[in-house]
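Residue-level structure breakdown
This is what each chain is made of:
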Amino acid sequence: MEYLETQDISLPRLGLGTFRMQGDVCRAAVESALGLGYRHIDTAEMYGNEDAIGAAVASSGVARRDLHITTKVWNENLAPDAIRRAFDLSLKKLRLDHVDLYLVHWPAKNMNLPAMFETLIKLKAEGRARAIGVANFNIALLKTVVEQIEAPIACNQVEYHVFLDQTPLRKYLAAKSIPLVAYCPLAQGGAATDKTLMAIGRKHGASAAQVALKWLLDQDGVAAIPKASRADSQKANLGALHVGHDDEDRAAIGALPKNKRLVNPGFAPAWD
Ligand SMILES: NC(=O)c1ccc[n+]([C@@H]2O[C@H](COP(=O)([O-])OP(=O)(O)OC[C@H]3O[C@@H](n4cnc5c(N)ncnc54)[C@H](OP(=O)(O)O)[C@@H]3O)[C@@H](O)[C@H]2O)c1
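Presented here is a report on the structure given in the accompanying data block. From a predicted model like this one, the values you see are computed outputs, not experimental measurements.

1. Quick look at the pairing of strand β1 (residues 3–6)
Residue alternation in β1 divides its side chains into a buried set, Leu4 and Thr6, and an unburied set, Tyr3 and Glu5. Pairing of β1 with strand β2 (residues 9–12), which is carried by four bridges, proceeds in the antiparallel orientation. Bridge pairing links Tyr3 to Pro12 in β2. Where β1 folds back on β2, the antiparallel hairpin that results is connected by two residues, among which Gln7 adopts a positive phi of roughly 50°.

If you want it as structure tokens, here you go:
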């Protein structure tokens, strides 16, 4: 496994996404992934599956120090006391005494950024969140968090895949040495059937999904969290780190349409 070093944690560059998996299905998928060698699991209070992940982790036999668990506070819970309550509940469901990364899941219109980060930084100081970070923050919000509040954020988790350009955001994050964690790295599965990616895959004995992940993982400071419920997909995705990729492939992927944003809830801030 490859890692990104950020704010005193080692973030495995390939993790397992768990959105839209709950109960026994989620538990089985996480058990399978941990058995295959995944050491980074991505969840959120909003996914309703922290209890299933807690059960899978508890029965896995994997040492806690070898695991990276990310969870997130929902954007209706960003007042300091609400963050505390949400955090305590997440830890309880996960059956853990700390998480490795605690993220603000989405910005909210009425959020008080300094108060939010004061609370998150306290959770970090207490050792209950080894690192803190954000998701779905645009450059303007990041500037406030990084340059004014000077919060020690370990990542920005955003939608990023072969069909979506994130160059300005990626450049800003790179300049601040903050990793970008790519969610929907397979474009919600759409990358797996793309003809261009399939043709590239044929050259290297790889699948289109692996090519899509490799394109992300070839970029400095980028991690990816594909969701896969099936063991064969989980195994293939883990193997993407070792797939071949050349300049011709990069040019072909660069020429794909780059305007397909798949996640854009009504409350989201403008991206540009
Ligand atoms: N911070 C945020 O706001 C945010 C938003 C969205 C997502 N996320 C996180 O990012 C994770 C990933 O995003 P996502 O789940 O929306 O989409 P995704 O990972 O891009 O795609 C998941 C889909 O791809 C399929 N798949 C996985 N591996 C495959 C393979 N090797 N070949 C063919 N198909 C494959 C899965 O099928 P099966 O399910 O059948 O295995 C599933 O339908 C989420 O689970 C979540 O943890 C975060």
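2. Some thoughts on the pairing of strand β8 (residues 153–159)
Among the seven residues that make up β8, seven are buried, leaving the element largely enclosed by the rest of the structure. Between the parallel pair strand β7 (residues 132–135) and β8, the chain is carried across by helix α5 (residues 139–148), and the sense of this crossover is right-handed. The sheet contact formed by β8 and strand β9 (residues 180–183) spans four bridges and is parallel. Bridge pairing links Asn156 to Leu180 in β9.

3. Some remarks on the side chain of Thr6
Relative to the helices and strands, Thr6 is located in strand β1. Overall, the relative accessible area of 5% leaves Thr6 in the buried class.

4. Considering the nonpolar core
Core analysis: the largest hydrophobic core is formed by 92 residues, its most contacted members being Tyr102, Phe117, Phe137, Ile153 and Leu197. Considering each element in turn, this core owes the most residues, eight residues, to helix α8 (residues 208–217). Dropping the residues within four chain positions of it, Phe137 is found in contact with Val104, Trp106, Pro107, Met111, Leu113, Leu142, Val145, Asn156, Val158, Leu169 and Trp271.

5. So, the layout of surface pockets
In this structure, the largest pocket spans a volume of roughly 760 Å³. In terms of lining, the largest pocket is formed by 34 residues, of which the most central are Phe19, Arg20, Cys184, Gln188 and Lys227. It is helix α9 (residues 231–239) that contributes the most residues to the lining of the largest pocket, three residues altogether. Here the lining of the largest pocket is composed, by residue class, of 19 nonpolar, eleven polar and four charged.

6. Observations regarding unusual backbone geometry
The phi angle at Gln7 is positive, at roughly 50°, despite the residue not being glycine. Position of Gln7 among the secondary structure elements: in the loop between β1 and β2.

About the cut-offs
- Residues numbered from 1 in each chain as written.
- Predicted model: local features only at pLDDT ≥ 70, side-chain atom pairs only at ≥ 80, totals over all residues.
- Heavy atoms only, no water.
- Buried < 20%, exposed > 50% of the residue type's maximum accessible area, 1.4 Å probe, protein only.
- Helix = DSSP H or I, 4+ residues; strand = E, 2+ residues; numbered from the N terminus.
- Pairing = 2+ DSSP bridges.
- Right-handed = clockwise from strand over helix to strand, strands pointing away.
- Core = buried A, V, L, I, M, F, W, Y, C linked by side-chain atoms within 4.5 Å.
- Contact = heavy atoms within 4.5 Å.
- 1 Å grid on protein atoms, 1.4 Å probe; cavity = no way out; pocket = protein on both sides within 12 Å on 5 of 7 lines; lining within 4 Å.
- Points joined across faces, edges and corners; volume = space filled by probe spheres on them.
- Nonpolar A, V, L, I, M, F, W, Y, C, P; charged D, E, K, R; others polar.

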